Amino acid sequence: MRHSLLIIAASMTLGAESSSAQGFFRRAEVDSLGEVRITLADKRIIRPPKESTQAGVEQLALSADHRVVGWVVLYPNCCTSYPIPLKLVLLRAGGRRTVISDGLPVWQWAFSPDGGSVVIRQAPVHGDAPVSYERRDIRSGRVIASTITDSTTALPGWARPVVAKPTASTPQGSGSIRH
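Values in this document were obtained by computation on a predicted structure and should not be read as measured data.

**Student:** Sorry, what's going on with the pattern of salt bridges here?
**Tutor:** In the structure shown here, the tally under the stated rule is 8 salt bridges. Between glutamate 29 and arginine 27 there is a salt bridge, with its nearest N and O atoms 2.9 Å apart. What makes glutamate 29 buried here is its relative accessible area of 14%. For arginine 27, a relative accessible area of 22% corresponds to the partly exposed category. In this structure, arginine 47 and aspartate 31 form a salt bridge, with 2.5 Å as the shortest nitrogen-oxygen distance. Taken as a pair, arginine 47 in the loop between β3 (45-46) and β4 (56-62) and aspartate 31 in the loop between β1 (25-30) and β2 (36-40) lie far apart in primary sequence, 16 residues in all. For aspartate 31, a relative accessible area of 12% gives the class buried. When salt bridges with common partners are traced through the structure, they connect Arg27, Glu29 and Arg37 into a single cluster.

**Student:** How should the layout of surface pockets be read in this particular structure?
**Tutor:** Gaps left between atoms are located by rolling a probe of water-molecule size over the structure's atoms. In this structure, the second largest pocket spans a volume of roughly 180 Å³. Every residue lining the second largest pocket is listed: Gly23, Asp65, Arg67, Val68, Arg92, Ala93, Gly115, Gly116, Asp137, Ile138 and Arg139. Grouping the amino acids of the lining of the second largest pocket by side-chain chemistry returns 3 nonpolar, 3 polar and 5 charged.

**Student:** Teacher, can you tell me more about empty space enclosed by the protein here?
**Tutor:** Taken as a whole and assessed by the stated rule, the structure comprises 1 cavity of 30 Å³ or more. Of the residues in the lining of the largest cavity, the class split is 7 nonpolar, 1 polar and 4 charged.

**Student:** When you look at the sheet that holds strand β10 (residues 131-137) in this model, what are you seeing that I'm missing?
**Tutor:** Strand pairing in a sheet is mediated by backbone hydrogen bonds. Such pairs are either parallel or antiparallel. On the basis of which strands lie adjacent, the open sheet formed by 4 strands has the order β8-β9-β10-β11 and antiparallel pairing. Of all strands in the sheet, those with a lone pairing partner are β8 (106-111) and β11 (143-149), marking the two edges. Between one strand and the next, the sheet's axes are offset by a mean angle of 15°, whatever the strand orientation. Of the pairings in the sheet, the one linking β10 to β11 comprises 6 bridges and is antiparallel in character. Following the sheet pairing, arginine 135 is matched in β11 by alanine 145.

Definitions and limits used
- Residues numbered from 1 in each chain as written.
- Predicted model: local features only at pLDDT ≥ 70, side-chain atom pairs only at ≥ 80, totals over all residues.
- Heavy atoms only, no water.
- Salt bridge = Lys/Arg side-chain N within 4 Å of Asp/Glu carboxyl O.
- Buried < 20%, exposed > 50% of the residue type's maximum accessible area, 1.4 Å probe, protein only.
- Helix = DSSP H or I, 4+ residues; strand = E, 2+ residues; numbered from the N terminus.
- 1 Å grid on protein atoms, 1.4 Å probe; cavity = no way out; pocket = protein on both sides within 12 Å on 5 of 7 lines; lining within 4 Å.
- Points joined across faces, edges and corners; volume = space filled by probe spheres on them.
- Nonpolar A, V, L, I, M, F, W, Y, C, P; charged D, E, K, R; others polar.
- Pairing = 2+ DSSP bridges.
- Axes fitted to C-alpha atoms, helices over the stretch in contact; angles between N-to-C directions.

Set out below in structure tokens:
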């Protein structure tokens, strides 16, 4: 009886290690075709489907715990010579996706230090309009906090992760993130 309990415990431990190893992303990159390519911890490659109307992706990032990969999807725009970043896609290990889009361009985004949310910076394409900052839950996309700022408004502490990132006007383009 004791021998069989040890075998069961050992197999449960090995199974947990195997499944947790597959629950991590090793690397994320935008390939030469402008598509997202993700390497899992077990070295399998996945390519999330792209939308038929998308013009590209940018701002690819891997969360600190390697359990979420995010990127901004670019779409053609009739009134500009460049595509507009309209959606933030978050892919969690295990395949669950969260898409954040409310019609305004997502000019910058970053994982928040807590690991359970993202911060996005949005504003209209043209004009001198206030900038919107939102902190959103990774799993649901639900707004946790939001603020609208102008040049005279102080930025709340939770919004600071996007200030430290490069702007979307200097796209990260093709490149990779390895950890």
